[in-house]
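The chain contents come next:
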Amino acid sequence: MSEVEPPLRPPIYAQPIGGEDCFVEAAIMLDELAGLLSIGLDIDRSWIVGNWNVLVASVGERADGQPLLVDFLVSSNGIEHDAALNLSVHPSGWIDARVSVGSDSRHFFIERIYEEFDIWPPGSPCDATDSGRMGKRCGWVQLQAQHWPDLTFLAAGSFITIHPASDLPLRT
């Protein structure tokens with residue numbers, strides 16, 4: 001399997017102040033993101049992605065700096081698939097989120113500049129105003145459909161939204 005190309009610029013935390021190691025910063029951000037996601041997925045076990053229902057099957061145990069593995073059951077129109085999320089530190093220093101549904105796999109690259117998380121597609125120049133973002137407590141994800149052409153089938157209007165089934169959807 002070939003390596004997925006990360007965004008074209010380094011993540012914001014890879015520009016250390018005072019000599020920090022960007023891979024230490026990436027591991028710290030992975031731990032923070034994994035902790036927030038684990039809590040959120042434990043509270044809300046049922047999510048909506050477009051017309052797909054997503055049920056959390058298991059959230060893997062992990063040690064600091066290690067990948068987070070989450071298994072899901074996804075269904076749409078009576079068809080069910082196993083799915084998985086794997087969060088890890090990419091060799092470039094980005095947080096790599098790989099989502100697999102059956103044999104189909106997609107990569108997203110994540111950084112946290114301030115409160116919310118920014119999400120970028122592979123090879124992105126990172127100059128879009130809003131290609132993707134995730135709430136500061138990981139309670140929702142919103143991707144601007146024009147920047148994710150292979151996922152437009154999940155869009156409602158201009159956005160692809162991921163939210164707990166108990167919440168109202170975000171803007172469309």
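It should be noted that the structure appears before, not after, this text.
The rules behind each value
- As a convention, each chain's residues are numbered from 1 in the sequence order in which they are written.
- In keeping with the model being predicted, local features are shown solely for residues with a pLDDT of at least 70 and side-chain atom pairs are shown and tallied solely at 80 or more, while totals for entire chains, interfaces and linings include all residues.
- Only hydrogens and water are set aside when side-chain values are computed; all heavy atoms of the structure are taken into account.
- Here, strands pair whenever DSSP counts at least two bridges between them.
- By the criteria applied, helices consist of DSSP H or I runs no shorter than four residues and strands consist of E runs no shorter than two, each listed in order from the N terminus.
- For helices, the axis comes from a line fit to the C-alpha atoms of the stretch in contact; other axes are also lines fit to C-alpha atoms, and the angle between any two N-to-C directions lies between 0 and 180 degrees.
- In the sections that follow, a salt bridge refers to a side-chain nitrogen of Lys or Arg positioned within 4 Å of a carboxyl oxygen of Asp or Glu.
- The buried label goes to any residue with under 20% of its type's maximum accessible area, the exposed label to any with over 50%, and the partly exposed label to all in between, with areas taken from a 1.4 Å probe on protein chains only.
- Side-chain atoms within 4.5 Å link the members of a nonpolar core, which is a set of buried Ala, Val, Leu, Ile, Met, Phe, Trp, Tyr and Cys residues.
- Here, residues are in contact when the closest pair of their heavy atoms is within 4.5 Å.
- Centre distance within 6.5 Å is the pairing criterion for rings of Phe, Tyr and Trp, where only the six-membered ring of Trp is used; planes under 30 degrees apart are then read as stacked, over 60 as edge-to-face, and the remainder as tilted.

Asks: Looking at this model, I keep getting lost on the pairing of strand 2 (residues 52–59). Mind explaining?
Replies: The side chains of a regular strand alternate, first on one face of the sheet and then on the other. As paired elements, strand 1 (residues 46–49) and strand 2 share 4 bridges and run antiparallel to each other. Within the sheet, the bridge partner assigned to Val49 lies in strand 2 and is Trp52. Where strand 1 folds back onto strand 2 in an antiparallel hairpin, the turn is made up of 2 residues, including Gly50, whose phi is positive at roughly 60°. Relative to strand 3 (residues 68–76), strand 2 runs antiparallel, the two sharing 6 bridges. Bridged to Val54 within strand 3 is Val74.

Asks: Help me understand the sheet that holds strand 6 (residues 104–112) in this model?
Replies: Within a sheet, adjacent strands bond to each other through the backbone by hydrogen bonds, running parallel or antiparallel. The sheet built from 10 strands closes into a barrel, its strands ordered 1-2-3-4-5-6-7-8-9-10 with antiparallel pairing. With direction set aside, neighbouring strand axes in the sheet form an average angle of 25°. Where strand 4 (residues 79–89) meets strand 5 (residues 95–101), 7 bridges bridge the pair, whose relative direction is antiparallel. Looking at the pairing, Ala84 lines up with Ser100 of strand 5.

Asks: Looking at this model, I keep getting lost on the pattern of salt bridges. Mind explaining?
Replies: One side chain can pair with another of opposite charge once the charged atoms of both are near each other. All told, the structure shown has 8 salt bridges when counted by the stated rule. Note that Glu32 is salt-bridged to Arg112, the shortest N-O span being 2.4 Å. Of this pair, Glu32 sits in helix 1 (residues 22–43) while Arg112 sits in strand 6; the two residues are 80 residues apart in sequence, bridging distant segments of the chain. Among the residues examined, Arg112 registers a relative accessible area of 18% and is labelled buried. Here Arg133 makes a salt bridge to Glu116, at a shortest N to O gap of 3.1 Å. Of the two residues, Arg133 is situated in strand 8 (residues 132–134) and Glu116 in the loop between strand 6 and strand 7 (117–120); the sequence distance between them amounts to 17 residues. On the accessibility criterion, Glu116 (30% relative accessible area) is partly exposed. The network of salt bridges with common partners includes Asp104, Arg106 and Asp150.

Asks: Which parts of the structure should I look at to understand the nonpolar core?
Replies: When a protein is soluble and globular, its nonpolar side chains tend to lie buried together. The biggest cluster of nonpolar side chains holds 33 residues, and the ones touching the most others in it are Leu33, Phe72, Leu87 and Ile110. Per element, the largest residue contribution to this core is 7 residues, and it comes from helix 1. Here Leu87 is in contact with Leu30, Leu33, Leu37, Pro67, Leu68, Ile95, Asp96, Ala97 and Ile110, once residues within four sequence places are set aside. Among the nonpolar cores identified, the runner-up in size contains 5 residues, and Val4, Phe109, Trp120 and Cys126 belong to it.

Asks: What should I look at first to understand the packing of aromatic side chains in this one?
Replies: Aromatic ring pairs: the centre-centre distance and the angle between the two ring planes describe each pair. Within this structure, the stated rule accounts for 2 aromatic pairs. Here Trp94 and Phe109 contribute two aromatic rings whose centre-to-centre distance is 6.4 Å and whose plane-to-plane angle is 75°, an arrangement assigned as edge-to-face. One end of the pair, Trp94, is in the loop between strand 4 and strand 5; the other, Phe109, is in strand 6, with 15 residues separating them in the sequence. A relative accessible area of 1% places Trp94 in the buried class. Overall, Phe109 belongs to the buried group, its relative accessible area being 0%. Relative to Trp148, the ring of Phe108 lies with its centre 5.0 Å away and its plane at 35°, an arrangement referred to as tilted. One end of the pair, Phe108, is in strand 6; the other, Trp148, is in the loop between strand 9 (141–144) and strand 10 (159–164), with 40 residues separating them in the sequence. Owing to a relative accessible area of 3%, Trp148 belongs among the buried residues under this scheme.

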